[in-house]
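Here are the chains, one letter per residue:
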Amino acid sequence: MPDFDMKKFVKGAGSTLSRVVQLTEEKLGTSEKTEMDARFEHLSERSDAAKLWTEKIMRDTEAALIPNPANRVEDFIFEKIEKQKPKRLSNLEYLGLDMIEGGGEFGQDGPYGSALIKVGQAEQKLGSCERDFIGSAGMCFIQPLKKFLEGEMKTITKEKGVLESKRLDLDACKNRVRKARSMIGQQAKDGISPEVTLEQAERDLRVAQSEFDRQAEITKLLLEGISTTQATHLRYLHSLVEAQVRYYGQCNKIMSDLQRELVSLGGPQPYVPVSGYEDEDALSGRINNIELSPNSGYRRARVLCSYDAKDGTELNLSSNEASVIFVCECNPPNSDYMNGKQGLLKGLVPKAFLEMLDDD
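Numbering of residues starts from 1 in every chain and runs along the sequence as written. Two thresholds apply to this predicted model, a pLDDT of at least 70 for residue-level local features and 80 or more for giving and counting side-chain atom pairs, whereas whole-chain, interface and lining totals are computed over all residues. Hydrogen atoms and water are omitted, and side-chain values are computed over all heavy atoms in the structure.

The chain is annotated in an unreviewed UniProt entry as BAR domain-containing protein from Anopheles christyi.

This is the structure:
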């Protein structure tokens, strides 16, 4: 059992009691408080704002990546006990599994069953990309912010607390000096040497002032370092954006490939709103979302023969009784191709496969 230092315990308890008394008197307005300079206060406010907004951004990012709060709590617990996080399927992967199983039940040789299987496989790929993105975003953005909060910011908070304790000690010493000076006359009448009491109070004040100045300088240096961390956090932010660009690029490729596969299976052309949503007023004067005013440039054309797109810049054409496509000339004009549009799906179409219709 370690030795118990009673003298140290009593001294610590006395300091704590003195700080409580000083803080109470300040709250009541009966005691003066040492104020920090304007530069220090500005740095302190910036530090508090950095801590507040970094915590909010980190929590919001975690919520965006893992919307289920129960999963976030589970991950937090496993992280604290230093265990590997559980591997769980995402909602997209569950959807993909059910689509694949459903497609098998409906019959993979039928159009609907085969389409379900292909979409389910694409959903599984999206789920895999999502998992990779969550891991990448956590490593390049969330973990560095968490390390900053648990490292530098925790140190700053601790040193600010120490500084506040030193400030309370200093102000308590100042009060004792003032009281000692005011009681010089009374102590002389009672036969107590006022010089001894005042000298001790002034000695304590000098020590408290020295410790306060030293702690204030340490805390100020730490606070000034906050400005340099913003440049580091900017790099983390760029890394997050790059991870998002890769993720959405992969998703776009998966869905574009899926769209071409579905068209190759036959059936209706998929409706893909590539240009965003439009309100009802914007759709007036259009047919199937295509503006047919004289100045729009679009005309109707009948598809004479089916055509398989060679790449992502072209449209697949299907020949049947209702095969009508909206086209306009390319800019600059092309002798072999026109710009085609079906719903909001756009691409190049060969003129040889079209018959222009009279819109008058």
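A. The confidence of the model for the chain, seen in detail. The pLDDT score gives, residue by residue, the confidence of the prediction method on a 0 to 100 scale. Per-residue pLDDT for the chain has a mean of 79; in total, 78% of the residues score no lower than 70. Note that residues 270-295 has pLDDT below 50 and, in this model, 36 contacts with residues that lie over four places away or in other chains. Whether two residues touch is decided by their heavy atoms; if any such pair falls within 4.5 Å, the residues are in contact.

B. Molecular detail of the sheet that holds strand 3 (residues 299-303). One requirement defines pairing of two strands: DSSP has to find at least two bridges between them. Working definition: helices are DSSP H or I runs of at least four residues, strands are E runs of at least two. Numbering for both runs from the N terminus. Read across the open sheet, the 5 strands follow the order 6-5-4-3-7; overall the sheet is antiparallel. The open sheet has two free edges, formed respectively by strand 6 (345-350) and strand 7 (354-356), since each of these has just one partner strand. Averaged over all pairs of adjacent strands, the angle between strand axes in this sheet comes to 45°, irrespective of strand direction. Pairing of strand 3 with strand 7, which is carried by 3 bridges, proceeds in the antiparallel orientation. From the neighbouring strand, arginine 302 faces strand 7, where its bridge partner is glutamate 355. Lines are fitted to the C-alpha atoms to define the axes, a helix being fitted only along its stretch in contact, and any angle between axes, read from their N-to-C directions, falls within 0 to 180 degrees.

C. Molecular detail of the pattern of salt bridges. Within this document, salt bridges are pairs made up of a side-chain nitrogen of Lys or Arg and a carboxyl oxygen of Asp or Glu, the two lying within 4 Å of each other. Going through the model one piece at a time under the given rule, you end up with 14 salt bridges. Residues aspartate 257 and lysine 253 are paired through a salt bridge, measuring 3.0 Å at the closest nitrogen-oxygen approach. Of the two residues, aspartate 257 and lysine 253 both sit in helix 8 (residues 226-264), 4 residues apart, roughly one turn of that helix. Exposure is judged per residue with a 1.4 Å probe applied to protein chains only, and the accessible area is read against the type maximum: over 50% gives exposed, under 20% gives buried, and values in between give partly exposed. Taking relative accessible area as the criterion, aspartate 257 reaches 25% and is therefore assigned partly exposed. The class of lysine 253 is exposed, set by a relative accessible area of 53%. Among the salt bridges present, the one from glutamate 329 reaches lysine 351, with a minimum N-O distance of 3.5 Å. Taken together, the positions of glutamate 329 in the loop between strand 4 (324-328) and strand 5 (337-342) and lysine 351 in the loop between strand 6 and strand 7 put the pair 22 residues apart, joining distant regions of the chain.

D. Representation of the packing of helix 5 (residues 111-182) against helix 8 in the model. The contact between helix 5 and helix 8 brings their axes to 9 Å, and the two run at 175°. Of the possible angle classes, the one that applies to helix 5 and helix 8 is roughly antiparallel. By the convention adopted, Pro, Cys, Tyr, Trp, Phe, Met, Ile, Leu, Val and Ala count as nonpolar, Lys, Arg, Asp and Glu as charged, and the other residues, Gly among them, as polar. Classifying every residue of the contact of helix 5 with helix 8 by side-chain character gives 25 nonpolar, 6 polar and 6 charged. These descriptions rest on fixed angle ranges, namely under 35 degrees for roughly parallel, over 145 for roughly antiparallel, 65 to 115 for roughly perpendicular, and the rest for oblique.

E. Quick peek at the nonpolar core. Residues belong to a common nonpolar core when they are buried Ala, Val, Leu, Ile, Met, Phe, Trp, Tyr or Cys residues joined through side-chain atoms within 4.5 Å. Met36, Phe133, Phe141, Met153, Leu163 and Ile226 are the most contacted members of the largest nonpolar core, which has 34 residues in total. Where this core is concerned, the elements lending two or more residues are helix 2 (38-65), helix 5, helix 7 (194-224) and helix 8. Considering every element that reaches this core, the biggest residue donor is helix 5, with 17 residues. The contact partners of methionine 36, leaving out residues within four places of it in the chain, are Glu41, Leu163, Phe212 and Ala216. In this structure, Ala301, Leu345, Val349 and Leu354 belong to the second largest nonpolar core, which totals 12 residues.

F. Quick look at a nonpolar patch on the surface. A cluster of nonpolar side chains, namely Val73, Phe76, Ile77 and Ile81, defines an oily patch on the protein surface of about 380 Å² accessible area. Examined against the element boundaries, phenylalanine 76 turns out to sit in helix 3 (residues 69-80). Any residue with relative accessible area above 30% and no salt bridge may belong to a patch, with like charges joined within 9 Å and the nonpolar Val, Leu, Ile, Met, Phe, Trp and Tyr side chains within 5 Å. Accessible surface area values rest on a Shrake-Rupley calculation with a 1.4 Å probe, where residue burial reflects the displayed protein chains alone.

G. Spatial organisation of the environment of aspartate 311. Mapping aspartate 311 onto the fold places it in the loop between strand 3 and strand 4. Each C-alpha atom, one on aspartate 311 and one on leucine 348, is 9.8 Å from the other, the two residues being 37 residues apart in sequence.

H. How the structure looks around helix 5. Any helix carries an expected span of 1.5 Å times its number of residues minus one. Helix length check: helix 5 (72 residues) gives 100 Å between terminal C-alpha atoms against 106 Å at 1.5 Å per residue, within 8%. Along helix 5, the helix axis deviates most sharply at glycine 138, where the bend reaches about 45°. In this scheme, the bend at a residue equals the angle between the axes fitted to the seven residues that finish there and the seven that begin there.

I. Focus on the environment of isoleucine 218. With respect to the helices and strands, isoleucine 218 occurs in helix 7. As a C-alpha pair, isoleucine 218 and glutamate 159 span 59 residues in sequence and 7.9 Å in three-dimensional space.

J. Region of interest: the packing of aromatic side chains. Any two rings among Phe, Tyr and Trp, with Trp reduced to its six-membered ring, count as a pair given centres within 6.5 Å; such a pair is stacked if its planes are under 30 degrees apart, edge-to-face if over 60, and tilted if neither. With the rule as written, the count across this model stands at 4 aromatic pairs. Geometrically, the ring pair formed by phenylalanine 133 and tyrosine 247 is stacked, given 4.7 Å between the ring centres and 5° between the ring planes. Remark: tyrosine 247 occurs in helix 8 and phenylalanine 133 occurs in helix 5; sequence separation between them is 114 residues. With a relative accessible area of 11%, phenylalanine 133 lands in the buried category. Aromatic pair tyrosine 247 and tyrosine 248: ring centres 5.0 Å apart, planes at 55°, arrangement tilted.

K. How the structure looks around a negative patch on the surface. Only four residue types enter the tally: Lys and Arg on the positive side, Asp and Glu on the negative side, with His and both chain ends excluded. Where a charge lies is defined by one atom per residue type, namely NZ (Lys), CZ (Arg), CG (Asp) and CD (Glu). Negative charge collects at one region of the surface, where Glu35, Asp37, Glu41 and Glu45 lie side by side. Structurally, aspartate 37 can be placed in the loop between helix 1 (6-28) and helix 2.

L. Geometry of the environment of tyrosine 112. Along the polypeptide, tyrosine 112 turns up in helix 5. Spatially, the C-alpha atom of tyrosine 112 lies 9.9 Å from that of glycine 102, the residues being 10 residues apart in sequence.

M. Here's a closer look at the side chain of aspartate 171. Examined against the element boundaries, aspartate 171 turns out to sit in helix 5. The term polar contact refers here to a pair of N or O atoms within 3.5 Å; inside protein, the definition further demands a hydrogen-donor-capable atom paired with an acceptor-capable atom, and it admits residues adjacent in sequence only when both atoms are side-chain atoms. A polar atom in the side chain of aspartate 171 sits 2.4 Å from the side chain of threonine 34.

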